[in-house]
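# Secondary and tertiary structure notes
This is what each chain is made of:
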Amino acid sequence: MNVLLITADDMNWDAVTAMGAAGLPLTPHIDALAGQGAIFRRAHVTAAICQPSRQAMMTGRYPHNSGAPGFHPIAPDVPTLQESLRRAGYLNGILGKVEHLAPPEKFCWDYAVDRVDLAQGRDPSLYGQHARAFLARAAGEDRPFFLMANAHDPHRPFHGSAQERENHQTADILDRLPAPSRIFGPDEITVPGFLPDLPEVRTELAQYASSCRRCDDTVGEVLAALDASGLADETIVVFLSDNGMAFPFAKTNCYLHSTRTPWIVRWAGVVEAGRVDDEHFINGIDLAPTLLDALGLPPLAGIDGRSFLPVLSDAAAAGRDHLVTHINTIAGGRAYPMRAVHHGQFGYIFNAWADGQIPFRNESMSGLTWPAMATAAQTDPAVADRARLFRFRVPEELYDFTADPHALHNLIAEPAHADTLSHLRALLLAEMHRSQDPQLDAFTAHGASCRRGPRRV
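About the cut-offs
- In every chain, residue numbers begin from 1 and rise along the written sequence.
- A pLDDT threshold of at least 70 governs which residues receive local features in this predicted model, and a stricter bar of 80 or more applies before side-chain atom pairs are shown or counted, although totals over entire chains, interfaces and linings include all residues.
- To obtain the side-chain values, all non-hydrogen atoms of the structure were used and water was disregarded.
- For each residue, the accessible area found with a 1.4 Å probe, counting protein chains only, is set against the maximum for its type, and the residue is called buried under 20%, exposed over 50%, and partly exposed in between.
- To qualify as a helix, a DSSP run of H or I must reach at least 4 residues; to qualify as a strand, a run of E must reach at least 2; elements of each kind are numbered from the N terminus.
- By definition, two strands form a pair when at least two bridges between them are found by DSSP.
- Every angle, taken between N-to-C directions, lies between 0 and 180 degrees, and every axis is a line fitted to C-alpha atoms, over only the stretch in contact when it is a helix.
- It only takes one pair of heavy atoms within 4.5 Å for two residues to be counted as in contact.
- Think of a salt bridge as a Lys or Arg side-chain nitrogen and an Asp or Glu carboxyl oxygen that are within 4 Å of each other.
- Given the number of residues in a helix, its expected span is that number minus one, multiplied by 1.5 Å.
- Here the nonpolar core consists of buried residues drawn from Ala, Val, Leu, Ile, Met, Phe, Trp, Tyr and Cys, with membership extended through side-chain atoms lying within 4.5 Å.
- Residues are called lining when one of their atoms sits within 4 Å of a cavity or pocket point, these points coming from a 1 Å grid over the protein atoms alone, where a cavity is a set in which a 1.4 Å probe fits but cannot get out and a pocket is an open set with protein on both sides within 12 Å along at least five of seven lines.
- Grid points are joined across faces, edges and corners, and a volume is the space filled by probe spheres set on the points.
- Put simply, Ala, Val, Leu, Ile, Met, Phe, Trp, Tyr, Cys and Pro go in the nonpolar bin, Asp, Glu, Lys and Arg in the charged bin, and everything else, Gly too, in the polar bin.

Right, let's talk about the pairing of strand β7 (residues 235–241) for a bit. Taking burial as the measure, the 7 residues of β7 include 7 buried ones, the bulk of the element. On β7, burial covers both faces: Thr 235, Val 237, Phe 239 and Ser 241 on one face and Ile 236, Val 238 and Leu 240 on the other are all buried. Taken together, the 7 bridges between strand β1 (residues 2–8) and β7 define a ladder with parallel strand orientation. What sits directly across from Ile 6, in β7, is Phe 239. Bridging between β7 and strand β8 (residues 263–266) involves 3 bridges; their strand directions are antiparallel. Its bridge partner lying in β8, Val 237 is registered against Arg 266.

See below:
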């Protein structure tokens with residue numbers, strides 16, 4: 001059995017219609033893939049930032065247990081999925097995002113094409129071309145394969161943006177960047193509730209939406225290459241995004257829009273076509289153990305994740321009622337440690353860094369949206385409150401993500417939710433102890449630990 005893993009870069013969960021969100025037709029190929037397999041609507045990545053997210057997938061470990069809490073290489077003694085596959089005779093290939101799995105020797109690529117040869121990871125036809133070359137090589141060598149195809153869309157710079165012109169003009173590829181198969185305008189956009197409805201925000205969301213469509217074009221090219229190879233029925237296909245959209249209150253945080261991901265699995269003869277799983281929580285650290293389990297290979301040592309193979313055949317799987325997500329060190333090297341536990345409809349977030357003095361800064365504050373928010377905050381008290389929360393946060397946050405998916409109403413001090421708060425604190429405390437989380441001392445010092453064991457709510 002072969003594996004094709006396709007990832008989007010910074011695509012929000014609700015860009016995919018099959019996730020149940022009403023919106024624009026951004027992802028027809030991804031939606032078609034979901035109709036051929038199962039989509040998990042309670043799936044999350046482990047850390048909502050590129051390299052830590054991807055390395056968690058490939059090691060099955062939380063970032064602090066792989067030796068790579070941020071944009072760092074994993075420790076030499078940490079086993080990887082690719083090492084196991086190489087020992088089993090697999091041909092390992094990667095298209096795009098090569099630098100986000102480090103060091104290279106731990107990932108054993110037999111075929112690697114970085115973004116420079118993929119028009120900065122933005123040319124769907126080049127992905128199709130290299131996917132066909134890789135699949136032909138696997139067939140010629142009569143070897144099973146693992147191919148990780150990583151689109152660089154819809155990561156900033158977005159299609160049609162000033163950032164795109166600035167970033168790509170010097171790379172001499174701007175004129176060669178293909179347009180998305182459909183371009184969206186500001187008047188077509190529905191502004192998500194965690195952002196203010198400002199003209200600049202609409203403009204940037206439209207650019208993001210167009211970039212989502214080009215990502216979907218890439219997915220279509222890669223899947224077409226697999227179909228042409230004749231190996232589709234012998235290949236497990238997995239699709240997900242590495243984290244949420246690069247806007248305030250999404251990427252590089254622990255909100256619902258930070259880590260929730262459109263996770264799709266197609267496996268002919270095993271996964272029921274068109275299945276929607278609204279029950280089981282699955283985490284990025286579960287990917288490697290699940291693939292090895294599916295392929296009948298030994299598990300990796302020292303992992304934090306666990307296989308969800310039973311869930312793929314529609315069996316009820318106990319113990320999948322919650323998960324924990326992380327942020328540690330971000331791309332600029334700054335540390336903003338956050339932990340979240342998602343359980344049922346609720347999410348609890350502990351911001352270890354939030355002392356009212358340290359300002360938060362990340363990539364999502366570039367472009368049009370954040371400057372527009374900062375300007376509007378000078379005259380609009382509601383926007384000012386949101387901007388202040390984003391920059392300084394509070395130590396603890398509790399949200400009913402079913403009623404309030406945009407995290408607008410912090411329930412942390414509401415007596416009606418005291419039992420829920422106690423329970424989620426206890427779940428996080430237990431996982432911090434189990435995984436030897438370096439933020440455990442900060443969590444207990446804050447006084448957020450629950451003396452009682454986890455109980456049902």
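Right, picking up where we left off after that structure.
With mixed pairing, 8 strands are arranged side by side in an open sheet as β5-β4-β6-β1-β7-β8-β2-β9. A strand with exactly one partner marks an edge of an open sheet, and here the two such strands are β5 (111–113) and β9 (275–277). Across the sheet, the mean angle from the axis of one strand to that of its neighbour is 10 degrees, orientation sign disregarded. Strand direction decides the pairing type here: strand β2 (residues 38–40) and β9, joined by 3 bridges, are parallel. Bridging from a neighbouring strand, Ala 38 pairs with Arg 275 of β9. Sheet contacts for helix α2 (residues 50–59): β1, β6 (145–150) and β7; angle to β6, the most-contacted strand, approximately 165 degrees. Where helix α7 (residues 199–229) meets the sheet, its contacts fall on β1, β6, β7 and β8, and the angle it forms with β1 comes to roughly 170 degrees.

This part covers the environment of Leu 101. Here Leu 101 shows up in the loop between β4 (91–95) and β5. Sequence separation of Leu 101 and Gln 439 is 338 residues, and the distance between their C-alpha atoms is 24 Å. Aside from chain neighbours lying at most four places away, what touches Leu 101 is Arg 54, Gln 55, Met 58, Ile 94, Phe 107, Trp 109 and Met 148.

One pass over the full model with this rule turns up 22 salt bridges. Between Arg 122 and Asp 153 there is a salt bridge whose closest N-O contact spans 2.8 Å. Residue Arg 122 is located in the loop between β5 and α5 (124–141), and its partner Asp 153 is located in the loop between β6 and α6 (162–169); the two are separated by 31 residues in the primary sequence. Asp 153 sits in the buried class, given a relative accessible area of 1%. If you follow the salt bridges from partner to partner, you end up with Arg 122, Asp 153, Glu 164 and Arg 214 in one network.

Here we take up the sheet that holds strand β14 (residues 396–400). Read from one edge of the open sheet, 4 strands run β11-β12-β13-β14, paired in antiparallel fashion. Here the strands that pair on one side only, and so sit at the sheet edges, are β11 (322–329) and β14. Within the sheet, the average angular offset between the axes of one strand and its neighbour, ignoring direction, is 15 degrees. Examined bridge by bridge, β11 and strand β12 (residues 335–343) share 7 bridges and lie antiparallel to one another. Each bridged residue has a counterpart across the sheet, and for His 322 the counterpart in β12 is His 343.

A separate point is α7. Given 3.6 residues per helical turn, the α-helix brings residues three or four places apart onto the same face. With 31 residues, α7 extends 46 Å between its outermost C-alpha atoms, agreeing within 8% with the 45 Å of an ideal straight helix rising 1.5 Å per residue. By the criterion of burial, α7 is predominantly enclosed, with 22 of the 31 residues buried. Positioned one or two residues after α7, Gly 230 has a phi angle of 80 degrees, which is positive.

On to the nonpolar core. The biggest cluster of nonpolar side chains holds 83 residues, and the ones touching the most others in it are Met 11, Leu 95, Phe 145 and Phe 239. The greatest single-element share of this core, amounting to 12 residues, is contributed by α7. Residues within four places of Phe 145 in sequence aside, it is in contact with Asn 2, Val 3, Tyr 90, Leu 91, Phe 134, Leu 135, Ala 138, Leu 226, Leu 231 and Thr 235. Membership of the second largest hydrophobic core comes to 39 residues, among which are Val 78, Val 265, Ala 288 and Val 311.

Moving on: empty space enclosed by the protein. One simple way to see leftover space: roll a probe sized like a water molecule over the atoms. Taken as a whole and assessed by the stated rule, the structure comprises 1 cavity of 30 Å³ or more. In this structure, the largest cavity encloses a volume near 50 Å³. Surrounding the largest cavity, Ile 236, Val 238, Val 265, Leu 287, Thr 290, Leu 291, Ala 294, Phe 308 and Leu 312 form its lining. Contributions of two or more residues to the lining of the largest cavity are made by β7 and α9 (287–294). It is α9 that contributes the most residues to the lining of the largest cavity, 4 residues altogether. Of the residues assigned to the lining of the largest cavity, the class counts are 8 nonpolar, 1 polar and no charged.

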